[in-house]
Structure formats: C-alpha cells, structure tokens
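Inside the fold
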Amino acid sequence: MSAAQYWFETPPGTNLFDITEHLRQSFWRYGLGTAWFTATRAEPPYAAEARWGDITFHMEWIPTQYVMLRLPRPESQVIDAFSVVLGFKPTFRYTDGEDTVIEWRRVERAARWNQLVERGQPNLTRV
C-alpha cells in the first residue's frame, strides 16, 4: 500500500477530523512537513484544502480512482510529494481559470482526456 492507504487506497470514512489527520500524516512524512491540511468534504468526491508556505491549494479525490490538485501556480515540491504519497506519477496537467490543475488517475484516463479535449481545456498536457 502507498502512504495514502488511509484516504486514497481505501475509503477514509465520514469523520472530517480523521480524514484530516490521515492527510496530514501522509504528507508530513513524505515531503510537505510544514503543510497544514484540512478536510472539507467527507463523502465522495472528498475534498481538502492545504496551506504550504505562501500558497493555498485544494484537492479533490475519489478513493482508488483519482486525485485532482488545484494550485495557484505550479509548485514542483507539492506535485512531487503527491506523487510519492500516491505511489504513481500524475496523468494530466492543465489550467482552469487562474489555477494549475494536476490530476492523478487510475481509472478512465482516456475518457477523462477526451472530456478535457472536448471542453477545450487550456494548456492540457499528458504528464
């Protein structure tokens, strides 16, 4: 199992405090020791926000399927930490308004790619 075993590899439950603690512990051990995570949604798609240094970022996920990370600007240290915690590299990168969005997908990659292409998503690339 990956470092995300309690929130991505298996459903994290419905307690926001527990989800928050699992997120914090995962990322504190693997690269973002000063990040402060707060779970904001305790049902699929789960959601959380975090503050690291001078940026605030948001994440959304459905266990075993995908994680979507929204950053105000690309931050390689954050992206790398997510890859380490999840145990696999990101699938897509694009911009949405002023945000940079990175997606890690285990399922329905081709369908998601087609959806983003049809939408005309700016700066869409496979990572």
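No experiment lies behind these values; they were computed from the predicted model shown.

**A look at the overall build of the protein chain**
Secondary structure assignment for the protein chain yields 3 helices and 7 strands. The order of helices and strands in the protein chain, counted from the N terminus, is α-β-β-β-β-α-β-β-α-β. Taking 14 Å as the expected radius of gyration for a compact globule of 127 residues, we find that the protein chain reaches 14 Å, a close match to that expectation. Across the 127 residues in the protein chain, those meeting the buried criterion constitute 44%. When the accessible surface of the protein chain is summed, it comes to about 6700 Å², and 49% of that surface belongs to carbon and sulfur atoms.

**Re the environment of Leu 32**
With respect to the element layout, Leu 32 can be found in the loop between helix 1 (16–29) and strand 1 (36–41). Note on Leu 32: relative accessible area 0%, which makes it buried. Sequence-distant contacts of Leu 32, that is, excluding residues within four places in its chain, are made with Phe 27, Trp 52, Phe 57, Gln 77, Val 78 and Ala 81.

**Digging into the pattern of salt bridges**
For the coordinates displayed, the defined rule picks out 9 salt bridges. The shortest N-O distance in the salt bridge between Arg 24 and Glu 21 comes to 2.8 Å. Linking Arg 24 with Glu 21, this pair stays in helix 1, spanning 3 residues, or about one helical turn. Under the relative-accessibility criterion, Arg 24 is labelled buried at 9%. Taking relative accessible area as the criterion, Glu 21 reaches 25% and is therefore assigned partly exposed. Across the pair Arg 70 and Asp 99 runs a salt bridge whose closest N-O atoms are separated by 3.7 Å.

**A closer look at helix 1**
Helical geometry: 3.6 residues make up each α-helical turn, so side chains three or four residues apart lie on a common side. The end-to-end C-alpha distance of helix 1 is 20 Å, a good match for the 20 Å that 14 residues give at a rise of 1.5 Å each. Turning to helix 1, its buried residues are Ile 19, Thr 20, Leu 23, Arg 24, Ser 26 and Phe 27. Down the axis of helix 1, the buried side of the element spans an arc of 165 degrees, and every buried residue falls inside it. Counted as exposed and oriented over 90 degrees from the buried face of helix 1: Phe 17 and Arg 29. Capping the start of helix 1, Asn 15 holds a side-chain oxygen 2.8 Å from the backbone nitrogen of Phe 17, two or three residues further along. Two residues or fewer after helix 1 comes Gly 31, characterised by a positive phi angle close to 120 degrees.

**Quick notes on the sheet that holds strand 7 (residues 125–126)**
As summarised here, the arrangement of the 7 strands in space is 1-2-3-4-6-5-7, forming an open sheet in which the pairing is antiparallel. Every interior strand has two partners, whereas the edge strands, strand 1 and strand 7, have only one. Two elements, strand 5 (residues 92–96) and strand 7, share 2 bridges in a ladder whose sense is antiparallel. Across the sheet, the residue bridging to Arg 93 is Thr 125, located in strand 7.

**Examining the side chain of Thr 20**
Mapped onto the fold, Thr 20 is located in helix 1. Polar contacts involving the side chain of Thr 20 include one to the main-chain amide nitrogen of Ala 39, which spans 2.7 Å. For Thr 20, the contacting residues outside a window of four places in its chain are Phe 37, Thr 38 and Ala 39.

So, how was this worked out
- Residues numbered from 1 in each chain as written.
- Predicted model: local features only at pLDDT ≥ 70, side-chain atom pairs only at ≥ 80, totals over all residues.
- Heavy atoms only, no water.
- Helix = DSSP H or I, 4+ residues; strand = E, 2+ residues; numbered from the N terminus.
- Rg over C-alpha atoms; globule rule 2.2 N^0.38 Å.
- Buried < 20%, exposed > 50% of the residue type's maximum accessible area, 1.4 Å probe, protein only.
- Areas by Shrake-Rupley, 256 points an atom, 1.4 Å probe, with all protein chains shown as cover.
- Contact = heavy atoms within 4.5 Å.
- Salt bridge = Lys/Arg side-chain N within 4 Å of Asp/Glu carboxyl O.
- Expected span 1.5 Å × (residues − 1).
- Arc of directions from axis to C-beta.
- Polar contact = N/O pair within 3.5 Å; in protein donor to acceptor, adjacent residues only side chain to side chain.
- Pairing = 2+ DSSP bridges.

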